[in-house]
Amino acid sequence: MHSSSLRATRLAGWLSAAFAAAALSVASPASAQEKVLRIGMTAADIPRTLGQPDQGFEGNRFTGIPMYDALTHWDLSKADAASVLIPGLATSWAADAKDKTKWVFKLRPGVKFHDGSALNADAVVWNVRKVLDKTAAHFDPSQVGVTASRMPTLRSARKIDDLTVELTTSEPDSFLPINLTNLFMASPAHWEAKLKAVPASVADPAERAKQAWTAFAADASGSGPFKMARFVARERLEVVKNAAYWDPKRVPKIDRVVMLPLPEANARTAALLSGQVDWIEAPSPDAMAQIRSRGFVMHSNPQPHVWPWQLSFAEGSPWLDKRVRQAANLCVNRGELKQLLGGMMGEPKGTVPPGHPWWGNPKFDVHYDLAGARKLMADAGYSAAKPLKVKVQISASGSGQMQPLPMNEFVQQNLKQCHFDVAFDVIEWNTLFTNWRKGAKDPSANGANAINVSFAAMDPFFAMVRFTSTKAFPPTSNNWGYFGNAEFDELIAKARSSFDDKERDAALARLHARIVEEAPFIWIAHDVGPRAMSPKVKSVVQPRSWFIDIATMSID
């Protein structure tokens, strides 16, 4: 595949995309004096608004972080340093010195939900129970998958006093404060009001709770810097500033944000160029020169986000031979792929880059070596006359998926040179993301022995543990391919039970080195988060993170 293929991909959809952009209505019922920011997302639908978003981490970025708070937050205020964990609703936290499964979190006083109710210890316990306690009246099975898999050791919460909560884990887990960035706090009082509005004719408690959550999602109440104003499924979400937000630095300067699902890159690009939106995620690579020439600003930054193929280790998988896995990693010409993407990617050597505290100096070097790849495949018994058939489940769009169709087509053509016969199963992004938790053995895999789901790698659990622990086998977390053994479990236990930063980093470096050597992934690209914006959008900080903070931006 050459650059003409990407151009063809763009041109094939350009006419329909232009019509889509022309028909796109982003007019707001708001007054002309409002400062309004319009965003074209890669998601095919509005991420869920009830507190635990779907649509991958694009959901966290657009309906989680703006509308809600968590006990811990990511620092998104710097473009020149890695994002680190900072206090959110919790001002401090510590594991019990005698029992490392107990954590005490001190809460920020005076925080209110958008409905005016207090965010206190009772509210935190309620939010833990909504996804972990099946006996709770407000338990919501629909929120469990996107939440519990991201904090698998959390078991319960207990109120100590109004501003103090004790959290209990199933084992000592130094990763817990990081995992809690994904547990967003919804208003219990607001949910109770929705429950009371459910008709008395609905007698089943589970059905009543489900209807209350549906009503909550359409009229949400968090405690974040933006409040829900208008929601139309699959069309738009509008949020307005929360002038009473507890953090003065994040009280929005923008009055209203309009979020629109535009999953096709050409449609997003056309919408930006025609003035229908002010900001698009993942613009079409072939249009970047035109975008810049028209005065739009391109933002990007290296970030801990991996675009891989995750491989199956289930019985009968073609990837069980390590020579085959390493050959695939040597067969991808990442430098040429980077050119085709307009320079908007990083070339990975593993999940984290050399020089990272978790790098660990693996003995296998991920790089482009066509001859070396062919030799490994020949040693494994494959040739042009006898290629290895593999099937990959992919999406046409989605959060962090960059440009999935042309990128996967590029890798398919690369691997053909190394005696791989690659077939694709192309499905909708949110379905792919759901299948990711179900695993390679589930019927949803549709015979695929690899899956293309990009992932954030900013913390140990998200970067490594959920893909290599036998405790993370589906449906617990995202070890889709069932990779892992006693050696990896021991390395993970050592890192997880290390509460000293240097000791933990050393353990994680050993784990990363072994992951690269065993190659349960084909590491294809590191995302740099390209997004194009109108020059009217000011004070934009693109951090070295998958996330970005809208609250600190302004618009002319």
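All of the points below concern the structure found in this document. (Residues numbered from 1 in each chain as written. Predicted model: local features only at pLDDT ≥ 70, side-chain atom pairs only at ≥ 80, totals over all residues. Heavy atoms only, no water.)

1. Focus on the overall build of the protein
Each helix and strand counted, the protein has 17 helices and 21 strands in total. In terms of overall dimensions, the protein has C-alpha extents of about 70 × 60 × 50 Å along its principal axes. Here the protein has roughly 20700 Å² of accessible surface; of this, 54% comes from carbon and sulfur atoms. Once the 64 positive and 55 negative side-chain charges of the protein are each reduced to a mean point, those two points are 2 Å apart. (Helix = DSSP H or I, 4+ residues; strand = E, 2+ residues; numbered from the N terminus. Areas by Shrake-Rupley, 256 points an atom, 1.4 Å probe, with all protein chains shown as cover. Lys, Arg positive; Asp, Glu negative; His and termini not counted. Charge placed at Lys NZ, Arg CZ, Asp CG, Glu CD.)

2. Regarding the state of the cysteines
A complete count under the given rule lists 1 disulfide for this structure. Through a disulfide, C331 is tied to C418; the S-S separation comes to 2.0 Å. Between C331 and C418 the sulfur-sulfur dihedral comes to about 95 degrees; the bridge is accordingly right-handed. One end of the pair, C331, is in helix 10 (residues 322-331); the other, C418, is in the loop between helix 13 (404-416) and strand 15 (420-427), with 87 residues separating them in the sequence. For C331, a relative accessible area of 1% translates into the label buried. (Disulfide = S-S within 2.5 Å. Buried < 20%, exposed > 50% of the residue type's maximum accessible area, 1.4 Å probe, protein only.)

3. Quick word on the pattern of salt bridges
Two side chains of opposite charge can pair, provided their charged atoms sit close to one another. If you walk through the whole model with that rule in mind, you get 32 salt bridges. The salt bridge involving E518 is made with K322; its shortest N-O contact spans 3.3 Å. A residue pair is termed long-range when its members are at least 10 positions apart, and E518 in helix 17 (residues 501-518) and K322 in helix 10 qualify at 196 residues. A residue is classified by how much of its surface remains accessible, and E518, at 16% relative accessible area, is buried. With a relative accessible area of 34%, K322 lands in the partly exposed category. Among the ionic contacts, a cluster of salt bridges with common partners joins K322, R325, E487, R514, E517 and E518. (Salt bridge = Lys/Arg side-chain N within 4 Å of Asp/Glu carboxyl O.)

4. Quick notes on helix 16 (residues 486-496)
Every α-helix winds through 3.6 residues per turn, so residues three or four apart in the chain are directed the same way. Within the span of helix 16, buried status applies to F488, L491, I492, A495 and R496. For helix 16, the angular spread of buried residues about the axis comes to 130 degrees, placing them on one side. In helix 16, the exposed residues that point more than 90 degrees away from the buried face are A486 and E490. Those residues of helix 16 that are buried lie in contact with helix 15 (460-468) and helix 17. Where helix 16 starts, the residue carrying a side-chain oxygen 3.0 Å from the main-chain nitrogen of E487 turns out to be N485. (Arc of directions from axis to C-beta. Contact = heavy atoms within 4.5 Å. Polar contact = N/O pair within 3.5 Å; in protein donor to acceptor, adjacent residues only side chain to side chain.)

5. What about the packing of aromatic side chains?
Scanning the model with the defined rule gives 25 aromatic pairs in all. Note on W103 and F105: the rings are 6.3 Å apart at their centroids and 35 degrees apart in plane angle, and the pair reads as tilted. Given the relative accessible area of 0%, F105 is considered buried. One aromatic cluster is present, formed by W429, F433, W436, F455, F467, F521 and W523 through successive ring pairs. The aromatic ring of F499 is capped on one face by K100, whose charged end is 5.3 Å from the ring centroid. Stacked on the ring of Y482, the Lys or Arg K441 has its end atom at 4.2 Å from the ring centre. (Phe/Tyr/Trp six-rings, centres within 6.5 Å; stacked < 30°, edge-to-face > 60°. Lys NZ or Arg CZ within 6 Å of the ring centre and 35° of its normal.)

6. Considering the side chain of S395
Along the polypeptide, S395 turns up in strand 14 (residues 388-395). S395 gets classed as buried once you look at its relative accessible area, which sits at 0%. There is a polar contact of 2.6 Å between the side chain of S395 and the backbone oxygen of S397. At a separation of 3.3 Å, a polar atom in the side chain of S395 contacts the side chain of Q401.

7. Some remarks on the environment of L337
With respect to the element layout, L337 can be found in helix 11 (residues 334-340). A residue is classified by how much of its surface remains accessible, and L337, at 2% relative accessible area, is buried. For the pair L337 and E347, spaced 10 residues apart in sequence, the C-alpha to C-alpha distance is 9.1 Å. Excluding anything up to four places from it in sequence, L337 contacts M345, M407, F410 and I524.

8. Points about the environment of K194
Along the polypeptide, K194 turns up in helix 6 (residues 188-196). Assessed through its relative accessible area of 18%, K194 is described here as buried. Sequence separation of K194 and V240 is 46 residues, and the distance between their C-alpha atoms is 21 Å. Apart from residues lying up to four places away in sequence, K194 is in contact with A212, A215, F216 and D219.

9. Quick word on the sheet that holds strand 19 (residues 531-533)
Pairing is mixed in the open sheet, where 7 strands are placed in the order 8-9-10-1-11-19-12. At either margin of the open sheet sits one strand with a lone partner, and together these are strand 8 (226-232) and strand 12 (297-299). For this sheet the average axis-to-axis angle between neighbouring strands, irrespective of direction, equals 20 degrees. In this sheet, strand 10 (residues 256-261) lies alongside strand 9 (residues 236-241) in antiparallel orientation, the contact comprising 4 bridges. Directly across from V240, in strand 10, lies its bridge partner R256. Strands in contact with helix 2 (residues 57-64) are strand 1 (36-41), strand 9, strand 10, strand 11 (279-281) and strand 19; relative to strand 11, the strand with the most contacts, it is inclined by about 160 degrees. (Pairing = 2+ DSSP bridges. Axes fitted to C-alpha atoms, helices over the stretch in contact; angles between N-to-C directions.)

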